[in-house]
Amino acid sequence: MLHTQGPGPGGPGGVPTLPTQGLMKGDKHEEQELGSEPTASQQPTEEEEALIEFHRSYRELFEFFCNHTTIHGAIRLVCSQHNRMKTAFWAVLWLCTFGMMYWQFGLLFGEYFSYPVSLNINLNSDKLVFPAVTICTLNPYRYAKIKEELEELDRITEQTLYDLYKYNFSNTLVAHPRGRRDLGETLPHPLQRLPGPAPPHEARRARMASSVRDNNPQVNRKDWKIGFQLCNQNKSDCFYQTYSSGVDAVREWYRFHYINILSRLPVDASVSLEKDQLDNFIFACRFNQVSCNQANYSHFHHPMYGNCYTFNDKNNSNLWMSSMPGINNGLSLTLRTEQNDFIPLLSTVTGARVMVHGQDEPAFMDDGGFNLRPGVETSVSMRKETLDRLGGTYGDCTKNGSDIPVQNLYGSKYTQQVCIYSCFQENMIKECGCAYLFYPPLPGVDFCDYRKHNSWGYCYYKLQDAFASNRLGCFTKCRKPCSVTSYQLSAGYSRWPSVTSQDWVFQMLSLQNNYTINNKRNGVAKLNIFFEELNYKTNSESPSVTMVTLLSNLGSQWSLWFGSSVLSVVEMAELIFDLLVITFLMLLRRIRSRYWSPGRGRRGAREVASTPASSLPARFCPNPASPSSSPPGPATSLALTAPPPAYATLGPCPSLASSAGASSSACTPGEP
């Protein structure tokens, strides 16, 4: 605060002036000499004005703002002072406009903080990396180490079918004359026909739908005839795993025991597996008119789909590239689809299973594969498509799965399927104490086998029901990846080989591949996979409302309702600041006048008491008397009152003792 002073004691009239500090706009000093002649009021010069001045009242501030602001319509609030109706009309209109503008502001901010995205579609054209292609034989393999147990399972199943449906399984029972009672003792959870009455209420509530691979529709309980019983560890809770179809019941029951037998194989059994040679399954393989070799594929065994071969996977030293579209520039395979050592109770289809996926993604044959029909040429055209999500506040996705609270058991690139199945396996190990055969186990954990874990079937089906209803939280934990590459497939079918060409085709296959099947058309199939075009679509997300867009929309709304600019916003901020300062100064004056006035406290009382009555102002003496009329004798005590607070300045009123004989704006001597 800049303090300036007028002329000193040596100035005109010899009257000192008080210092000027913290003046509000309009404050003036009323000065008067000690004599009877008043001095002319001095107008504050440029040197006497304070550096910072504020308005005296809210009214003065409001009038100044309305007269000088650049906001449209504000001046109408003060220029129509003599017409109250017009003033009230403009006041209501101005407030309504102000409210509408800030309502629009709220909508704009709500849209911005909802983080909407826009989908941008770009069409690119370039050489494309050919995806990985996995082909399975649809023929589960009979391992030599468990061959006897599988044969025992076949005999028990055959006897079960005969007892339940009087079906003679290819006269196999003649070679194995043992009764069902003798056979059934070797396997737990026998398949049985349920009685007419439904199971108890609690057991019905515990019953679940089919397994994850047999999505049977829900039917009436009265149609559930065939099933097998599963119990917990202490046999205190049991339920029947039932099916509406006898075929589904037999397949699921056989599959359940097949998984237990298969889990007894050592971990390295797949390495020393006497697998079919590639030439026994694939008669011919060409890519871009060049023959394939063993370096272009890798092998693994699937419990349900048998031997599987993946072409152009991440282990391939040179990934295949497609520089031209069309059927002649893709992958062409001639497959053998006959069933060698077929397990008819486990697999009821013939042909081959095919899946197209990325090089660094595992092949989930149940989720994304399709079957090939024997005697048919299947031509599959592909179109590549990528999707890039923003993530963060704009979407619930993960970049690489590092922020997902689920361990990746596959050791591959993160996908939502990898996370979901890993989550289920973790819960399986935690709840049941063993790993499910279809998913990778944790180190040191055995696969489930009812010889070691006699209640794992009960635990698995219970857990599967919780998994399907998301009570395990796997679908919540496993978020979508931010970057996804997919291949849109469309297939066409034709009879192969044709009637006119089948003789020489089968003759060539017989000479080169030892193809001697009787019904030759049911033992072969042809597959062509190629890019339909090299143009691929890229879908990318971008923010719909950025900060620049938000500011532009706010400015548009401000200009629409008030026709002003950013500087008008600064004027509004200045108005609010002035209101706060004036309020603070008024509160400060009130506090000073109440607690810090010279008439308050002991010191102020002593100063006032020691001041002679003749030097007090006339307004502080209610009954002034002339010296001639005062009676002799001791002076009578006068009733003294404290002077009112000085509202014209923030500084204290100078003491009367120090300013004797001088004029003051707040203290004026009385006339005798």
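How each quantity is defined
- Residues numbered from 1 in each chain as written.
- Predicted model: local features only at pLDDT ≥ 70, side-chain atom pairs only at ≥ 80, totals over all residues.
- Heavy atoms only, no water.
- Helix = DSSP H or I, 4+ residues; strand = E, 2+ residues; numbered from the N terminus.
- Buried < 20%, exposed > 50% of the residue type's maximum accessible area, 1.4 Å probe, protein only.
- Contact = heavy atoms within 4.5 Å.
- Areas by Shrake-Rupley, 256 points an atom, 1.4 Å probe, with all protein chains shown as cover.
- UniProt positions renumbered as here; feature names shortened; annotations may be inferred.
- Salt bridge = Lys/Arg side-chain N within 4 Å of Asp/Glu carboxyl O.
- Pairing = 2+ DSSP bridges.
- Expected span 1.5 Å × (residues − 1).
- Axes fitted to C-alpha atoms, helices over the stretch in contact; angles between N-to-C directions.
- Parallel < 35°, antiparallel > 145°, perpendicular 65-115°, else oblique.
- Left-handed = near helix turned anticlockwise from the far one by under 90°.
- Nonpolar A, V, L, I, M, F, W, Y, C, P; charged D, E, K, R; others polar.
- Disulfide = S-S within 2.5 Å.
- Arc of directions from axis to C-beta.

### Re the overall build of the protein
Regarding its fold elements, the protein presents 17 helices and 20 strands. When the 672 residues of the protein are sorted by exposure, 40% land in the buried category. At a minimum sequence separation of 6, the contacts of the protein that also span at least 24 residues come to 74%. Of the roughly 38,100 Å² of accessible surface on the protein, a fraction of 54% belongs to carbon and sulfur atoms.

### Section: the UniProt feature "transmembrane region" (unreviewed entry) in the protein
Under the UniProt annotation, "transmembrane region" (unreviewed entry) lies at residues 88–109. For the annotated span residues 88–109, helix accounts for 100% and strand for 0% of the residues, and the straight-line distance between the end C-alpha atoms is 31 Å.

### A few points about the pattern of salt bridges
Scanning the entire structure with this criterion turns up eleven salt bridges. Of the charged contacts in the structure, one is a salt bridge between Arg383 and Glu533, with a shortest N-O distance of 2.3 Å. Within this pair, whereas Arg383 is found in strand 15 (residues 376–388), its partner Glu533 is found in the loop between strand 19 (524–531) and strand 20 (535–543), the two being separated by 150 residues in sequence. A salt bridge links Asp403 to Arg479, with the nearest nitrogen and oxygen atoms 2.6 Å apart. Placement of the pair is Asp403 in the loop between strand 16 (397–398) and helix 11 (416–432) and Arg479 in the loop between helix 13 (474–477) and strand 17 (480–481), with a sequence separation of 76 residues. Classification of Asp403 as partly exposed rests on a relative accessible area of 44%. Owing to a relative accessible area of 18%, Arg479 belongs among the buried residues under this scheme. Salt bridges sharing common partners tie together Glu149, Arg264, Asp449 and Arg451.

### Some words on the sheet that holds strand 4 (residues 192–193)
Within the open sheet, the three strands sit side by side as 4-5-6. Their pairing is antiparallel. Edge positions in the open sheet fall to strand 4 and strand 6 (238–243), since each of these has one partner strand only. Inspection of the sheet shows strand 5 (residues 226–231) paired to strand 6 by six bridges, in the antiparallel sense. Its bridge partner lying in strand 6, Ile226 is registered against Tyr243.

### Points about the pairing of strand 3 (residues 132–136)
Counting buried residues in strand 3 gives five out of five residues, a clear majority hidden from the surface. Side-chain alternation along strand 3 places Ala132, Thr134 and Cys136 on one buried face and Val133 and Ile135 on a second face that is also buried. Bridging between strand 3 and strand 13 (residues 352–357) involves five bridges; their strand directions are antiparallel. Bridge assignment links Ala132 to a residue of strand 13, and that residue is His357.

### Description of helix 16 (residues 566–595)
A rise of 1.5 Å per residue sets the reference length of helix 16, with its 30 residues, at 44 Å; its end C-alpha atoms lie 44 Å apart and thus fit the reference within 8%. Ser568, Glu571, Met572, Leu575, Asp578, Val581, Ile582, Leu585, Arg589 and Ser593 are the residues of helix 16 that are buried. Close packing links the buried residues of helix 16 with helix 1 (58–68), helix 3 (84–113) and helix 15 (547–562).

### Quick look at the packing of helix 1 against helix 16
Each pair of packed helices can be described by the angle between their axes along with the distance between the axes. Across the interface, helix 1 lies against helix 16 with an axial gap of 11 Å and an inter-helix angle of 165°. Relative to helix 16, the element helix 1 is oriented roughly antiparallel. Crossing angle aside, the handedness with which helix 1 passes helix 16 is right-handed. Residue-level inspection shows Tyr58, Leu61, Phe65 and His68 of helix 1 in contact with helix 16, the latter providing Glu571, Met572, Leu575, Asp578, Leu579, Ile582, Thr583 and Met586. Here the residues of the contact of helix 1 with helix 16 sort into eight nonpolar, two polar and two charged.

### Some details on the environment of Gln407
Here Gln407 shows up in the loop between strand 16 and helix 11. Through-space distance from the C-alpha of Gln407 to that of Leu442 is 9.6 Å; in sequence the pair is 35 residues apart.

### Focus on the sheet that holds strand 13
With antiparallel pairing, five strands are arranged side by side in an open sheet as 9-10-3-13-14. Bordering the open sheet on either side are strand 9 (297–302) and strand 14 (370–372), each of which pairs with just one other strand. Between one strand axis and the next, the sheet turns by 25° as a mean value, whatever way the strands run. Summarising the sheet, strand 13 and strand 14 pair through three bridges and their orientation is antiparallel. Considered in strand 14, the bridge of Arg353 is made with Asn371.

### Remarks on the state of the cysteines
Applying the stated criterion across every chain yields a total of eight disulfides. Put simply, Cys136 and Cys308 are joined by a disulfide, and their sulfur atoms are 1.9 Å apart. Sign of the S-S torsion, about 110° for the bond between Cys136 and Cys308, identifies this disulfide as right-handed. On the criterion of sequence distance, the pair formed by Cys136 in strand 3 and Cys308 in strand 10 (residues 306–311) is long-range, its members being 172 residues apart. Summarising the burial analysis for this pair, Cys136 and Cys308 share the class buried. Across a sulfur-sulfur distance of 2.0 Å, Cys285 and Cys292 are joined as a disulfide pair. For the disulfide bridge between Cys285 and Cys292, the dihedral angle about the S-S bond is near -65°, and by the sign convention the bridge is left-handed.

### A closer look at the side chain of Ser263
The residue Ser263 is located in the loop between helix 8 (246–262) and helix 9 (278–281) in this model. For Ser263, a relative accessible area of 12% corresponds to the buried category. If we skip the residues at most four places from it in the chain, Ser263 touches Leu437, Phe447, Cys448 and Asp449.

### Looking at the environment of Gly391
Inspection of the secondary structure puts Gly391 in the loop between strand 15 and strand 16. Overall, Gly391 belongs to the buried group, its relative accessible area being 7%. Separated by 89 residues in sequence, Gly391 and Lys480 place their C-alpha atoms 9.6 Å apart. Apart from residues no more than four positions distant in its own chain, Gly391 is found in contact with Cys397 and Cys482.

### Re helix 15
Between its terminal C-alpha atoms helix 15 stretches 22 Å, which fits the 22 Å expected from 16 residues at 1.5 Å a residue. Looking at helix 15, one finds that the buried residues are Leu550, Leu554, Gln557, Trp558 and Phe562. Within helix 15, the buried residues cover an arc of 100° as seen down the axis, which keeps them to one side. Set apart from the buried face of helix 15 by more than 90 degrees, the exposed residues are Val548 and Leu560.

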